Amino acid sequence: MQKSLYVWDIVVRSFHWLLVLAFALAFATEDFSVLHAYIGYFILGLIAVRLLWGVIGSKHARFSDFIYRPRVIKQYLKDLFFKRAKHYVGHNPAGGLMIVLMLISLILTAVTGHYAYESEVFMIYAEHESWLEEVHEALAFFSLTLVFVHVVGVLLESVLHGENLISAMISGWKRRSE
Ligand code: HEM
Ligand code: HEM
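Residues numbered from 1 in each chain as written. Chains lettered and ligands numbered in written order. Predicted model: local features only at pLDDT ≥ 70, side-chain atom pairs only at ≥ 80, totals over all residues.

## Section: the site of ligand 2
Close contacts around ligand 2 come from 23 residues, with Ala37, Gly40, Gly113, Tyr117 and Ala140 the closest. Counting residues per element, the shell around ligand 2 draws most heavily on helix H5 (residues 93–122), at eight residues. (Near = placed C-beta within 6 Å. Helix = DSSP H or I, 4+ residues; strand = E, 2+ residues; numbered from the N terminus.)

## Regarding the site of ligand 1
The local shell around ligand 1 holds 19 residues, among which Phe23, His91, Gly95, Leu165 and Met169 are the closest. At the level of elements, helix H1 (10–28), H5, helix H6 (131–160) and helix H7 (165–171) are the ones that each hand at least two residues to the shell around ligand 1. The greatest single-element share of the shell around ligand 1, amounting to six residues, is contributed by H1. Considered class by class, the residues forming the shell around ligand 1 number 14 nonpolar, four polar and one charged. (Nonpolar A, V, L, I, M, F, W, Y, C, P; charged D, E, K, R; others polar.)

## Notes on unusual backbone geometry
With phi around 55°, Lys83 is a residue other than glycine that occupies positive phi space. Residue position: Lys83 is located in the loop between helix H4 (70–81) and H5. The exposure class of Lys83 is exposed, given the 7 C-beta atoms found within 10 Å. (Buried ≥ 20, exposed ≤ 12 C-beta atoms within 10 Å, placed from the backbone.)

## A look at H4
The end-to-end C-alpha distance of H4 is 17 Å, a good match for the 16 Å that 12 residues give at a rise of 1.5 Å each. Backbone geometry just downstream of H4 places Lys83 in the positive-phi region, at approximately 55°. (Expected span 1.5 Å × (residues − 1).)

In structure tokens, the structure reads:
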């Protein structure tokens, strides 16, 4: 029997796809400082809204719904390996961990970007990259790596559990045959 469940509210979905767009634009504008800075601040703003929504939002949007103990995450990954992982309606334990890591990494990327930008403004004649720029760059690429693992995880989960997670993040609905 087909069963439809409304899982991702409009705030979660708007946050997700605006973040995808802004993240891509941040990489595309890395050489145009001012525009790049505004896009970075926009990402920080998006995350601020998401953090608030993680406390007051709908059931599956809340952090309490997808932050699990390390033991549960380890067990989930083990079960995934043996293809017997339990199905979760909201984010699964590994996905939840990934989301927390991505949010932290993006915050650190944007904050170091802010300080790198400030130091650039004051050191117009600087010949070398400041250490802040280097840290910012390393964090930006660390975030990109996390995103890559995230997308691979989403595709893997979709295949393993026979559900289209991407369309669920677009429409908000999950369709599953029971
Ligand atoms: C086009 C590539 C992408 C696809 C197809 C995709 C897909 C998804 C899907 C399906 C989910 C829900 C996972 C679940 O059901 O548990 C999700 C969640 C999430 N994704 Fe992506 N994603 C993409 C790119 C990104 C990027 C670039 C970022 C960050 C810069 C990102 C950050 C997140 C976050 C933070 C969540 C948690 C959403 C929430 O609860 O607010 N994703 N993504
Ligand atoms: C999560 C958000 C952000 C991402 C993903 C991001 C990503 C990047 C990337 C990929 C680079 C190029 C690194 C390189 O190869 O040299 C870069 C450079 C830079 N970013 Fe960001 N950034 C973000 C936020 C910010 C913010 C908020 C600011 C400032 C307010 C900022 C300021 C800078 C500066 C000054 C540079 C050095 C540009 C140059 O080489 O002249 N970034 N960023």
